[in-house]
Amino acid sequence: MVRDGTLGTLPSVQPLRVAVIGAGYWGPNLARNFTTSPHTDLLWICDIEPGKAERLARGTAATPTERFDDVLSDDRVEAIAIATPAETHVDLALAAIDSGRHVMVEKPLAASAEEGIAIVERAEARGVQVMCDHTFCYTAPVRRIRNIIRAGDLGQLRYFDSVRINLGLIQSNIDVFWDLAPHDLSILDYILPEGVVVEGVSAHGADPVGAGHACVGYLTMPLSNGGIAHVSLNWLSPTKIRTTIIGGSRRMLVWDDLQQDQRLRIFDSGVEIQTGLDDDERRRLLVSYRAGDMIAPALDGGEALADVVAEFAHSVREGRPSLTDGRAGLRVVRLLEAVDASLAKGGMLIPVEGS
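Everything numeric here is computed off the predicted structure, so don't read it as measured data.

Caption draft 1: Spotlight on the overall build of the protein chain. In terms of regular secondary structure, the protein chain is built from ten helices and 15 strands. Computed over C-alpha atoms, the radius of gyration of the protein chain comes to 22 Å, within 12% of the 20 Å expected from 2.2 N^0.38 for 355 residues, which places it in the range of a compact globule. Dimensions of the protein chain along its principal axes, counting C-alpha atoms only, are 75 × 50 × 40 Å. In the protein chain, which comprises 355 residues, the share counted as buried stands at 51%. Here the analysis covers contacts within the protein chain between residues at least 6 apart in sequence; of these, 67% occur between residues at least 24 apart. Accessible surface computed for the protein chain: about 16,000 Å², of which carbon and sulfur atoms make up 51%.

This is the structure in structure tokens:
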């Protein structure tokens, strides 16, 4: 295991015995990967809705149940993966932690920073691992971006600009920020250079269709190194776009997740303003532009969630935090809470606490 974000060929470990809680949207993906991974054994699938767990368990060796207590009472279960609505995460996670189980939680980690803190601190006190399923952080493009930035290949990070828009699905219980932004915020948290943090959040949202909460939203976030991050989110776009542009002082890159080929392109381009000038020269703004070669690095095509599952198993067996541990999940929840506070104050910049 390479701890810089690159997941190479993982050594074999004693399979981690796991239960999946929640058989709705994301639970089936977790169940499939826990079943096929050589690093895990899926023992239980639990969902309170009658028949859901039973249907998902067909074709697996897992036992279905509607009772969470059935899972907790099975001493074979070492870890529990929670794929339920965010407002249920804290109770399920704390019960699992108190029973001595390691926990993987679907994003966001919790419905509030207070709940996220409770999960993280309880796990640390009990000596168990908490992992947040920030799946995009395990994709080949994001892992490569992280390594490029942390190697200094882009130079100083100047901006992060992400667009995540599509037509639907409009959620009834959460706004576009809590639905889509966890992807981009977790990516930003993951790829930022060491020592660089988000200092605050300014959020603007609109509900032009009367859904009862924002369906279109924009986030602006100053970075501690003088750079800036911007995220555009939209449930009402006629076209689907998943593009991130990152600019550095030496190079820039574009990640288009919908491209089959050349998903990641790195440009040897830049802009420089001549320094050490007097006032008259500054008024002439002596700017130089560099437009060099573009390269599109080869990327592997493995399923990111398989790497999530493998990382979870190895973090437990090795007794170390995962690449997207509970504290990473808590940082994202803090940003989402700052989004809510900014919306309530008309887009005011809200400082973000550390975790």
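Still more ground to cover, so stick around.
Caption draft 2: View of the sheet that holds strand β4 (residues 79-82). Read from one edge of the open sheet, six strands run β3-β2-β1-β4-β5-β6, paired in parallel fashion. Edge positions in the open sheet fall to β3 (63-65) and β6 (130-133), since each of these has one partner strand only. Recorded for the sheet is a direction-independent mean angle of 25° between the axes of neighbouring strands. With three bridges joining them, strand β2 (residues 40-46) and β3 adopt parallel strand pairing. Bridge pairing in β3 links isoleucine 45 to proline 64. Packing of helix α4 (residues 89-98) onto the sheet brings it into contact with β1 (16-21), β4, β5 (102-106) and β6, and relative to β5 it is tilted by some 165°.

Caption draft 3: Local environment of unusual backbone geometry. Of the consecutive residues lysine 107 and proline 108, the connecting peptide bond is found in the cis state with omega at -10°. With respect to the element layout, proline 108 can be found in the loop between β5 and α5 (113-126). Of note, the amide linkage connecting glycine 168 to leucine 169 takes the cis form, showing an omega dihedral of -10°. Here leucine 169 shows up in the loop between β7 (157-167) and α7 (176-191).

Caption draft 4: Molecular detail of the nonpolar core. Counting 73 residues, the largest nonpolar core has Leu30, Phe34, Ile45, Ile191, Leu219, Met221 and Ile246 as its most contacted members. With ten residues, the single largest contributor to this core is α7. When sequence neighbours within four positions are dropped, the list of residues in contact with isoleucine 45 reads Val20, Ala23, Ala31, Ala53, Leu56, Ala57, Thr60, Ala62, Thr63, Pro64 and Thr65. Counting residues in hydrophobic clusters, the runner-up holds 29 residues, among them Ile21, Val90, Leu94 and Ile97.

Caption draft 5: A look at the state of the cysteines. The final tally for this structure, using the stated rule, is zero disulfides. Free of any disulfide, cysteine 132 has its nearest cysteine sulfur in cysteine 137, 9.2 Å distant.

Caption draft 6: Here's a closer look at the pattern of salt bridges. Tallied over the entire structure, the rule returns 17 salt bridges. Across the pair aspartate 257 and arginine 263 runs a salt bridge, and its minimum N-O distance is 3.8 Å. Residue arginine 263 is classed as partly exposed on the basis of its relative accessible area of 21%. Between glutamate 353 and arginine 334 there is a salt bridge whose closest N-O contact spans 3.5 Å. Residue glutamate 353 is found in the segment after β15 (350-351), and its partner arginine 334 is found in helix α10 (residues 326-344); the two are separated by 19 residues along the sequence. Salt bridges here are not isolated pairs; linked through shared partners, they connect Arg17, Glu78 and Arg317.

Caption draft 7: Structural view of the pairing of strand β8 (residues 200-206). As paired strands, β8 and β15 are joined by two bridges and run antiparallel to one another. When the bridges of β15 are listed, valine 201 appears paired with isoleucine 350.

Caption draft 8: Geometry of the packing of helix α6 (residues 140-150) against α7. Where α6 contacts α7, the two axes come as close as 9 Å, and the packing angle between them is 35°. Residue-level contacts link Val142, Arg143, Ile145, Arg146, Ile149 and Arg150 of α6 to Ile187, Tyr190 and Ile191 of α7.

Caption draft 9: Layout of the side chain of histidine 89. For histidine 89, the position within the fold is in helix α4. Using a relative accessible area of 1% as the deciding quantity, one classes histidine 89 as buried. Only 3.2 Å separates the side chain of histidine 89 from the backbone oxygen of leucine 109, close enough to count as a polar contact. Leaving out residues up to four positions away in the same chain, histidine 89 has contacts with Ile82, Thr84, Val105, Glu106, Pro108, Leu109, Ala110 and Ile119.

Caption draft 10: Highlighting the environment of proline 28. Mapped onto the elements, proline 28 comes out in helix α1 (residues 27-36). When its relative accessible area of 27% is taken as the criterion, proline 28 is described as partly exposed. Along the backbone, proline 28 and leucine 56 are 28 residues apart, and their C-alpha atoms lie at a distance of 6.7 Å.

Caption draft 11: Main features of the pairing of β1. Here β1 lies mainly inside the structure; five of its six residues are buried. Of the crossover connections in this fold, the one passing from β1 over α1 to the parallel β2 is right-handed. Sheet topology note: the β1/β4 ladder contains four bridges and is parallel. When the sheet's bridge partners are listed, valine 20 is paired in β4 with alanine 81.

What counts as what
Residues numbered from 1 in each chain as written. Predicted model: local features only at pLDDT ≥ 70, side-chain atom pairs only at ≥ 80, totals over all residues. Heavy atoms only, no water. Helix = DSSP H or I, 4+ residues; strand = E, 2+ residues; numbered from the N terminus. Rg over C-alpha atoms; globule rule 2.2 N^0.38 Å. Buried < 20%, exposed > 50% of the residue type's maximum accessible area, 1.4 Å probe, protein only. Contact = heavy atoms within 4.5 Å. Areas by Shrake-Rupley, 256 points an atom, 1.4 Å probe, with all protein chains shown as cover. Pairing = 2+ DSSP bridges. Axes fitted to C-alpha atoms, helices over the stretch in contact; angles between N-to-C directions. Core = buried A, V, L, I, M, F, W, Y, C linked by side-chain atoms within 4.5 Å. Disulfide = S-S within 2.5 Å. Salt bridge = Lys/Arg side-chain N within 4 Å of Asp/Glu carboxyl O. Polar contact = N/O pair within 3.5 Å; in protein donor to acceptor, adjacent residues only side chain to side chain. Right-handed = clockwise from strand over helix to strand, strands pointing away.

Limitation: the analysis is restricted to geometry and does not speak to function.
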